[in-house]
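# Remarks on the overall topology
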Number of protein chains: 2
Amino acid sequence: MDVDPRTGMTILDADSCWALLASADVVRLAVVAAGDLEIFPVNAVVDGHTLVFATGEGTKLAAVTIARDVVLEADGADAERGVAWSVVVRGRAERLVRFADIYRAEELPLRSWTTHPKQWFVRVHPAQVTGRRFVSAAGRGRGRR
Amino acid sequence: MDVDPRTGMTILDADSCWALLASADVVRLAVVAAGDLEIFPVNAVVDGHTLVFATGEGTKLAAVTIARDVVLEADGADAERGVAWSVVVRGRAERLVRFADIYRAEELPLRSWTTHPKQWFVRVHPAQVTGRRFVSAAGRGRGRR
């Protein structure tokens, strides 16, 4: 993995990015729909080199259906090792409509952040996955405020 | 606070949103610059009803300077109470250039996620702050995968 000499950040390879994405409890979905930038937390699972999440009818589904081009971001800090990381996935969102695709998604260990029923599945097909890891001051304890 | 009858989500009032923003270790900055949607984790502190973060020269500063219209998002889960929350701030980013503004920002308890020196401060002036709280399945323990 490469270290950026200007910032001291480590550029993560694809395998590391996918491992971190799989470890994330929540990722953020950002999308520009009808001129508005929307950002939502979603519980996504890694399935092969795609990400799948469930959603109900609403702004999130509408935005993804309109825009299709989405950005997912996950981040985290490892307090013990004093490192933090961020992974960004750019890709295309596909609302699953074929029964075979939906059945497959239903087999995934998706757990929603909410107890509200989520009747749609969305699969994000990445075009680009990038990640960075950096030495973290904040990771060494909260106490920031 | 209002509960959305369709989703069971609680719409948070402004004070609750600001308290949650102040509690967040990291927020995500999303911005559309030169047609690209960028999303970065930032360590922002609440200062009055604004958010301030530090950044070095780079993509983040360039994106904010070009776009000015930004969206910040923070989220979290309270495992003990079984609730999760998300707060979204839409606003305008101002790169601080006046000495008085920079001195004031330097007094803030900003702690960077990285050890890389950050020579610029950005203050986000919100136009809209929205937040939701919901009963969380994921908040009751990881074990999702």
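Residues numbered from 1 in each chain as written. Chains lettered and ligands numbered in written order. Predicted model: local features only at pLDDT ≥ 70, side-chain atom pairs only at ≥ 80, totals over all residues. Heavy atoms only, no water.

What follows is about the packing of aromatic side chains. Residues and elements named next belong to chain A. All told, the structure shown has two aromatic pairs over all chains when counted by the stated rule. Ring geometry for Phe99 and Tyr103: centres 6.2 Å apart, planes at 15 degrees, overall stacked. In this pair, Phe99 and Tyr103 both sit in helix α3 (residues 99-106), four residues apart, roughly one turn of the helix. Accessibility classification places Phe99 together with Tyr103 in one group, the exposed group. Sitting over the face of the ring of Trp120, Arg95 holds its NZ or CZ atom 4.4 Å from the ring centroid. (Phe/Tyr/Trp six-rings, centres within 6.5 Å; stacked < 30°, edge-to-face > 60°. Helix = DSSP H or I, 4+ residues; strand = E, 2+ residues; numbered from the N terminus. Buried < 20%, exposed > 50% of the residue type's maximum accessible area, 1.4 Å probe, protein only. Lys NZ or Arg CZ within 6 Å of the ring centre and 35° of its normal.)

Further remarks concern α3 of chain A. Residues and elements named next belong to chain A. Buried within α3 are the following residues: Asp101, Ile102 and Ala105. In an axial view of α3, the angular spread of the buried residues amounts to 95 degrees, which keeps them on one side of the axis. Exposed residues on α3 whose side chains face more than 90 degrees from its buried face are Phe99, Ala100 and Tyr103. Considering only its buried residues, α3 is in contact with β6 (50-55), β8 (83-95) and β9 (120-135). (Arc of directions from axis to C-beta. Contact = heavy atoms within 4.5 Å.)

All names here are of chain B. Take Arg123: it is sitting in strand β9 (residues 120-135). A relative accessible area of 9% places Arg123 in the buried class. Among the polar contacts made by the side chain of Arg123, one reaches the side chain of Asp47 at a distance of 2.8 Å. (Polar contact = N/O pair within 3.5 Å; in protein donor to acceptor, adjacent residues only side chain to side chain.)

Let's shift gears to the pattern of salt bridges. Oppositely charged side chains are able to pair whenever their charged atoms sit close together. As enumerated under the stated definition, the model contains 20 salt bridges over all chains in all. Two residues, Glu73 of chain B and Arg28 of chain A, come together in a salt bridge whose shortest N-O distance is 3.8 Å. Of this pair, Glu73 of chain B sits in strand β7 (residues 69-78) while Arg28 of chain A sits in strand β3 (residues 27-33), on two different chains. By the burial criterion, Glu73 of chain B is buried, and Arg28 of chain A matches it. Between Arg104 of chain A and Asp47 of chain A there is a salt bridge; the shortest N-O distance is 3.0 Å. With Arg104 of chain A in helix α3 and Asp47 of chain A in strand β5 (residues 44-47), this pair connects stretches of sequence that are 57 residues apart. (Salt bridge = Lys/Arg side-chain N within 4 Å of Asp/Glu carboxyl O.)

Just geometry here; none of it tells us what the structure is for.
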